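Overview (structure and organization)
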Amino acid sequence: MVLLDGLHAVKHALRFGADVRVAISSDKGSVLTLAGELADDLTDRIGDLVIEVPAETLRDLVPRVHPTRVAGLAVRPDPQRNLENLSRAPRPAPVVVLENPRNLGNVGAVVRLAAGFGATGVVTTGDMDPWHPNVVRAAAGLHYATAVESLQLDDLPPGPVYALDPEGDDIRSVVLPDDALLAFGSERHGISPELRKRATKLVALPMRPQVSSYNLATSVAMALFHWGGTHPAP
């Protein structure tokens, strides 16, 4: 099961087909009012789903109460189906690969970006769980709008690897193919020698001299925007 923390997470999960089993709130009236403002297409479904509980019960059940005072539980998508989506050919959009990320909030922000740009999915390597509640919270439940899985480097989906690295060619001079794996290294150390060896091409983001690096989510946004800039608007 996946913790949906806050109205936005519940809203996005429902919109993108999640099997939401239960949702609770300490103020159902406020939740429905907010849903009417932000998700009027889902107000009736949210009204049927949410059960009102005492405030202390909500505090006991979630790590920290979201400002919207609602939380839910949904079934995690089938990993095999996600892997099939990540590996399908031809892919209409890139897969974002995060090598050994360390910051839960950054990973959530990347999932949100991937969902917004219509990327095929997000793959992480290393020991971080990309479905950790803090990641789902930062992604506002948009894990259900794309394919999110953790894999070993040797098990990445097929496709050319375009790895972000300061020594690469300026990304503005490169056309990113739809079936690319856009690979980003850890926030501190960059890409590993193993990933560098596997890369089809190294590409670099434009950056002013003496600036050390960009935030991971910012780097992903710039790369996806560059890819999307070569395609007609949806």
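Residue numbering note: each chain is counted from 1, following its sequence as written. Where totals are concerned, whole chains, interfaces and linings use all residues; where local detail is concerned, this predicted model gives features only for residues with pLDDT of at least 70, and gives and counts side-chain atom pairs only at 80 or more. To obtain the side-chain values, all non-hydrogen atoms of the structure were included, while hydrogens and water were left out.

Cavity and pocket criteria rest on a 1 Å grid covering protein atoms alone: a 1.4 Å probe that fits but cannot get out defines a cavity, protein on both sides within 12 Å along at least 5 of 7 lines defines an open pocket, and an atom within 4 Å of a point defines a lining residue. Grid points are joined across faces, edges and corners, and a volume is the space filled by probe spheres set on the points. Empty space within the largest pocket amounts to approximately 480 Å³. What lines the largest pocket is a set of 20 residues, and nearest its centre among them are L164, P166, S213, Y214 and S219. Under the scheme used here, helices are H or I runs from DSSP no shorter than 4 residues and strands are E runs no shorter than 2 residues, and both carry numbers assigned from the N terminus. Among the elements of the structure, β8 (161–170) and α9 (216–228) are those that each provide at least two residues to the lining of the largest pocket. Here the lining of the largest pocket takes three residues from β8, the largest share from any one element. Here the residues of the lining of the largest pocket sort into nine nonpolar, seven polar and four charged. When residues are grouped by polarity, Ala, Val, Leu, Ile, Met, Phe, Trp, Tyr, Cys and Pro land in nonpolar, Asp, Glu, Lys and Arg in charged, and all others, Gly among them, in polar.

On to the sheet that holds strand β10 (residues 201–204), then. Ordered by their spatial adjacency, six strands build an open sheet running β7-β6-β5-β9-β8-β10, and the pairing between neighbours is parallel. Taken across any chain shown, the strands that pair with only one partner, and hence form the sheet edges, are β7 (147–150) and β10. Sheet twist, expressed as the mean angle between neighbouring strand axes with direction ignored, is 30°. Strand contacts of helix α5 (residues 79–87): β5 (95–98), β6 (121–124) and β7, with the helix running at about 105° to β7, the strand carrying the most contacts. Contacts are assigned to residue pairs that have any heavy atoms within 4.5 Å of one another. Convention adopted: a line fitted to C-alpha atoms gives each axis, helices being fitted over their contacting stretch, and angles between N-to-C directions are expressed from 0 to 180 degrees. Packed on one face of the sheet, α9 meets β5 and β9 (181–184) and runs near 155° to β9. For two strands to pair, DSSP has to find at least two bridges joining them.

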